[in-house]
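# Structural overview
Residue strings, one per chain:
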Amino acid sequence: MANQKDEKSKTAKLKDEILMKKDRGIKTISQEEIQKADEFCKGYVKFLDKSPMEREAVRYSVELAKKAGFVEFQQDKKYNAGDKIYYINRDKALALAVIGKNGVKNGAKLAIAHIDSPRIDLKQNPLYEQNNLALFKTHYYGGLKKYQWTAIPLTLHGTVVKLDGTKVDICLGDNEAEPCFCITDLLPHLAQEQSQKPMSKAFTGEDLNVLVGSRPYDTEDEESELVKLNVMSILNEKYGITEGDFISAELCLIPSFKTRDIGFDRSMIGGYGHDDKVCSYPALMAALDAEIPEKTCITYLTDKEEIGSDGNTGMQSDFLRYFINDLAKVDGIEGYRAISQSKCLSADVNAAFDPTYPSVYEANNSSYLNNGVIISKYTGHGGKYDTSDASAEYMGEIRTLLEKNNVLWQTGELGKVDQGGGGTIAKYVANMNVDVVDLGVPVLSMHAPFEIVSKLDVYMAYRAFYAFFMD
């Protein structure tokens, strides 16, 4: 019996040495660390509610940055180790840098996230009247399930630029005392034909019309479109805008409900826009909390990821490249050398395993709530199309970093190989000749109006970005 016990002991020891530990989740985390996660997420909840749109996210991030000692970037100025700067791109993207002891001479540490989320945009000529109802015509933004956006309260957010150049910011419907808006749906009694169609056909983009009014303008004149006129009259009185100003506007509708704790144990957070603000906030806070790093660390919050990262505020813009070039010029080196020696964490989410829909996931290579931050070596679809696929060397480097700093982490893919797929901005960073891998937070109900994340995972993302900056 003694020999048998010794043999089991050797087997157990061998398993510890060469097999991955299965239990790497919340059970391995102390109550003190869990309390830190809960406390950290109070700030995140506030950020999520204040930053549903890109412009709002930039404004609030700058507000937090200024409180942390950041100042606006000036080209050709020599910065010293420990200096903190921010650089705004057209009010919809934001770079924050903490200058390192070596500047960018040996490259920079980059954490890059996006601050746009799927939503319902207004068309350029949105307002119309039909059958004595006033409605907005819309064009949905990003990958969403259209049916999820019907019959829920919506808030109007955005910016209007008037003919004289004046900017008007609009936020209407967040406060319960304010009116909200809604996309109507068919009652079940009349939806037999609709319910026979696949979801992609049952609701079309042209069906996503937003109900905005039903009372006519108060007049004795015999005129047409009085309900539309009444709506426009209210907008004119409140914001000073005319119908033509919609042409030079960025207006959208988002869910009007607030971020909430989920579960009896309050262990999760439900809200709109976790993808990708659940990574943006930890990356932002890591930059704000960074001390004097060896290499300059940069958090870049970018726009347009949900529609391909095109445009001058998206990741395919040269804005970040030019910013690093400016820093390199002052340091006396070529910008391309600084960029080529840089390393990046593409701060983006992945799909958490959902036990209600297990058939679309491959369990051994999925991420799970409460198992920590997720490293996604590659994203894309099918045969690894549209992905950067991080190298073994860089995966090893990040894995070592997380282990050394006791950050709870996991790896995972976006579902089964031929089930579907999705992309991130990592590939655009890789195209700059930068080592990059996706690292972020697992999400349930991704791209829905109400997504869910774990508080512990959010906190572990912050710890990962901070360790990356300061290592």
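Residues numbered from 1 in each chain as written. Predicted model: local features only at pLDDT ≥ 70, side-chain atom pairs only at ≥ 80, totals over all residues. Heavy atoms only, no water.

## What to know about the packing of helix 3 (residues 54-67) against helix 7 (residues 274-289)
The line we're drawing: Axis definition: a line fit to C-alpha positions, over the contact stretch in the case of helices; interaxial angles, taken between N-to-C directions, run 0 to 180 degrees. In this description a helix means any DSSP run of H or I spanning at least four residues, a strand means any run of E spanning at least two, and both kinds are numbered starting from the N terminus. Oblique is the label for every angle not falling under 35 degrees (roughly parallel), over 145 degrees (roughly antiparallel), or within 65 to 115 degrees (roughly perpendicular). In a left-handed crossing the near helix is turned counterclockwise from the far helix by less than a right angle, and in a right-handed crossing that turn is clockwise. Pairs of residues are marked as contacts when any of their non-hydrogen atoms sit within 4.5 Å. Put simply, Ala, Val, Leu, Ile, Met, Phe, Trp, Tyr, Cys and Pro go in the nonpolar bin, Asp, Glu, Lys and Arg in the charged bin, and everything else, Gly too, in the polar bin.
In the contact formed by helix 3 and helix 7, the axes pass within 10 Å of each other and the chain directions differ by 20 degrees. Taken together, the axes of helix 3 and helix 7 are roughly parallel relative to one another. The way helix 3 lies across helix 7 gives a crossing that is right-handed. Across from S61, L64 and A65 in helix 3, the residues of helix 7 making contact are Y281, L284 and L288. Among the residues forming the contact of helix 3 with helix 7, the class breakdown is five nonpolar, one polar and no charged.

## Considering the environment of Q419
For clarity, the cut-off: The cut-offs for exposure are 20% and 50% of the maximum accessible area for each residue type, with area from a 1.4 Å probe on protein chains only; residues under the lower value are buried, those over the upper are exposed, and the others partly exposed.
By secondary structure assignment, the location of Q419 is in the loop between strand 19 (409-411) and strand 20 (421-422). For Q419, a relative accessible area of 47% gives the class partly exposed. In the structure, Q419 is positioned 37 residues away from G382 in sequence and 8.2 Å away in space, judged by C-alpha atoms. With near-sequence residues (within four places) excluded, Q419 lies in contact with S359 and V360.

## Brief notes about a nonpolar patch on the surface
Note the following rule: Residues form patches when they are more than 30% accessible in relative terms and have no salt bridge. Like charges link within 9 Å. Nonpolar side chains (Val, Leu, Ile, Met, Phe, Trp, Tyr) link within 5 Å. Only the protein chains shown count as cover for residues, and the accessible areas themselves come from Shrake-Rupley with a 1.4 Å probe. Just to be clear on terms, a salt bridge is a Lys or Arg side-chain nitrogen sitting within 4 Å of an Asp or Glu carboxyl oxygen.
A surface patch of nonpolar side chains, amounting to about 310 Å² of accessible area, comprises L14, I18 and L19. Here L19 shows up in the loop between helix 1 (2-18) and helix 2 (31-50).

## Observations concerning empty space enclosed by the protein
For the record, the criterion: In this analysis a 1.4 Å probe is tested at points of a 1 Å grid over the protein atoms alone, and where it fits but cannot get out there is a cavity; an open set with protein on both sides within 12 Å along at least five of seven lines is a pocket; lining residues have an atom within 4 Å of a point. Grid points are joined across faces, edges and corners, and a volume is the space filled by probe spheres set on the points.
Under the counting rule described, the total for this entry stands at one cavity of 30 Å³ or more. Each pocket or cavity is described by its volume, and for the largest cavity that value is around 120 Å³. Lining the largest cavity we find L48, D49, P52, D174, I254, P255, S256, F257, K258, T259 and Y272. Elements represented by at least two residues in the lining of the largest cavity include exactly helix 2 and strand 11 (249-255). Split into classes, the residues belonging to the lining of the largest cavity amount to six nonpolar, two polar and three charged.

## Focus on the nonpolar core
It is characteristic of soluble globular proteins that their nonpolar side chains tend to be buried jointly. Definition in use: The term nonpolar core refers to a set of buried residues drawn from Ala, Val, Leu, Ile, Met, Phe, Trp, Tyr and Cys, joined through side-chain atoms within 4.5 Å.
Core analysis: the largest hydrophobic core is formed by 65 residues, its most contacted members being V373, I398, L402, L439 and F465. For this core, the element with the highest residue contribution is helix 12 (residues 455-470), accounting for 11 residues. One finds M53, L127, I170 and V210 within the second-largest nonpolar core, a separate group that totals 32 residues.

## Things to note about the state of the cysteines
This is how it is decided: Throughout, a disulfide means two cysteine sulfur atoms within 2.5 Å of one another.
Tallied over the entire structure, the rule returns zero disulfides. Just so you know, C279 is unpaired, no disulfide at all, and the nearest cysteine sulfur is the one on C344, 12 Å from it.

## Some remarks on the layout of surface pockets
Of the pockets and cavities examined, the largest pocket occupies roughly 1200 Å³. Along the wall of the largest pocket there are 42 residues; nearest its centre are A351, L414, G421, M446 and H447. Secondary-structure elements contributing two or more residues to the lining of the largest pocket are strand 16 (350-351), strand 18 (380-381), strand 20 and helix 11 (426-430). For the lining of the largest pocket, the per-class residue count stands at 15 nonpolar, 19 polar and eight charged. Its volume calculated, the second largest pocket comes out at about 550 Å³.

## Observations concerning unusual backbone geometry
With an omega of 15 degrees, the peptide bond running from D275 to D276 counts as cis. Mapping D276 onto the fold places it in helix 7. The phi dihedral of D91 falls on the positive side, at around 65 degrees, and the residue is not glycine. The topology assignment puts D91 in the loop between strand 2 (84-89) and strand 3 (93-98). Residue D91 is classed as partly exposed on the basis of its relative accessible area of 33%. The backbone of S309 sits at a positive phi, close to 65 degrees, despite the residue not being glycine. Inspection of the secondary structure puts S309 in the loop between strand 14 (297-302) and helix 8 (319-331). With relative accessibility at 1%, the residue S309 sits in the buried group.

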